Amino acid sequence: GAGVSQSPSNKVTEKGKDVELRCDPISGHTALYWYRQSLGQGLEFLIYFQGNSAPDKSGLPSDRFSAERTGGSVSTLTIQRTQQEDSAVYLCASSSRNQFQLPQETQYFGPGTRLLVL
Amino acid sequence: GQNIDQPTEMTATEGAIVQINCTYQTSGFNGLFWYQQHAGEAPTFLSYNVLDGLEEKGRFSSFLSRSKGYSYLLLKELQMKDSASYLCAATGLTGGGNKLTFGTGTQLKVEL
């Protein structure tokens, strides 16, 4: 079946501009995660949505970053007034709670959006 | 400090066996994942350990010791296509929920 998809695959923007990154999770997955992978760094957690619960925003690096998930499916990560240090690969993952399957919450990743801020 | 540690890079020979180690801070620990990531691609799930012991899946095995905060990924009969970054990740290290805390990844190079 279809996996996690993200768009755009690449984005080049100028410092100070806003960008929106989109994630389409696997159909039926209730949890959605955003991570960032900078050059030479490990994946860094940004934000987590689980069903209708309030999102866990504890990983967002600044108030320039925000995300929403409409209708419990598609999510958009917005970066306002982009800075050069925002350049990274932004990865989205989704998972489902399946009590009959171990691990119950394996996260499946999309291909990422490569963001370059000039 | 670093919640998860793993070697930055390793080199091994085609057909050989390689073990990639990972250590983590045990406070809050829930479960341990290994992912494989080829250059320019998404991480793909390899294995999951929540109980102590060895989980075997074909050429790949993963081991966990909860008391020692230690895991390893064992790759047997190495193939050139196994050249990739191997990511160790844990849940529970940074609060509730299932968000993953990742190590920086171990870049494995398989040579002839």
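All of the points below concern the structure found in this document. Computed from a predicted model, the values in this text were never measured in an experiment.

### A few points about the overall build of chain A
Part 1 of the argument: Each helix and strand counted, chain A has 0 helices and 10 strands in total.
Part 2 of the argument: In sequence order, chain A lays out its α and β elements as β-β-β-β-β-β-β-β-β-β.
Part 3 of the argument: Relative to the globule expectation of 13 Å for 118 residues, the C-alpha radius of gyration of chain A, 14 Å, shows essentially globular dimensions.
Part 4 of the argument: A principal-axis box enclosing the C-alpha atoms of chain A has dimensions of 45 × 25 × 25 Å.
Part 5 of the argument: A buried classification covers 49% of the 118 residues belonging to chain A.
Part 6 of the argument: For chain A, the share of sequence-separated contacts (at least 6 apart) that also reach a separation of at least 24 residues comes to 56%.
Part 7 of the argument: Accessible surface, chain A as shown: approximately 6000 Å² in total, 46% of it carbon and sulfur.

### Side note on the side chain of Lys99 of chain B
Part 1 of the argument: Tracing the backbone through its elements, the reader meets Lys99 of chain B in the loop between strand E9 (84-91) and strand E10 (100-102).
Part 2 of the argument: A relative accessible area of 4% means that Lys99 of chain B is categorised as buried.
Part 3 of the argument: Among the polar contacts listed, one links the side chain of Lys99 of chain B to the side chain of Asp56 of chain A, at a separation of 2.6 Å.
Part 4 of the argument: The contact partners of Lys99 of chain B, leaving out residues within four places of it in the chain, are Tyr33, Tyr35, Phe45, Asp56, Ser58 and Gln107 of chain A together with Ala90, Thr91, Gly92 and Thr94 of chain B.

### Considering the pairing of strand E7 (residues 60-65) of chain B
Two faces, one strand: in a regular strand the side chains alternate between the faces of the sheet.
All names here are of chain B.
Part 1 of the argument: In terms of burial, E7 is a largely internal element, 5 of the 6 residues being buried.
Part 2 of the argument: Where strand E6 (residues 53-57) meets E7, 5 bridges bridge the pair, whose relative direction is antiparallel. Looking at E7, one finds that Leu54 is bridged to Phe63.
Part 3 of the argument: Two successive antiparallel strands, E6 and E7, enclose a turn made up of 2 residues, where Gly58 displays a positive phi of approximately 65°.
Part 4 of the argument: Bridge analysis of E7 against strand E8 (residues 70-75) gives 6 bridges, and the strand direction is antiparallel. Note on E8: the bridge partner recorded for Leu64 is Ser71.

### Considering the sheet that holds strand E1 (residues 5-7) of chain A
Residue and element names in this part refer to chain A.
Part 1 of the argument: Within the open sheet, the 4 strands sit side by side as E1-E3-E7-E6. Their pairing is antiparallel. Only two strands of the sheet have a single partner each, and these edge strands are E1 and strand E6 (65-69). Each strand axis lies, on average, 15° off the axis of its neighbour in the sheet, ignoring direction.
Part 2 of the argument: Examined bridge by bridge, E1 and strand E3 (residues 19-24) share 3 bridges and lie antiparallel to one another.

Cut-off values and rules
Residues numbered from 1 in each chain as written. Chains lettered and ligands numbered in written order. Predicted model: local features only at pLDDT ≥ 70, side-chain atom pairs only at ≥ 80, totals over all residues. Heavy atoms only, no water. Helix = DSSP H or I, 4+ residues; strand = E, 2+ residues; numbered from the N terminus. Rg over C-alpha atoms; globule rule 2.2 N^0.38 Å. Buried < 20%, exposed > 50% of the residue type's maximum accessible area, 1.4 Å probe, protein only. Contact = heavy atoms within 4.5 Å. Areas by Shrake-Rupley, 256 points an atom, 1.4 Å probe, with all protein chains shown as cover. Polar contact = N/O pair within 3.5 Å; in protein donor to acceptor, adjacent residues only side chain to side chain. Pairing = 2+ DSSP bridges. Axes fitted to C-alpha atoms, helices over the stretch in contact; angles between N-to-C directions.

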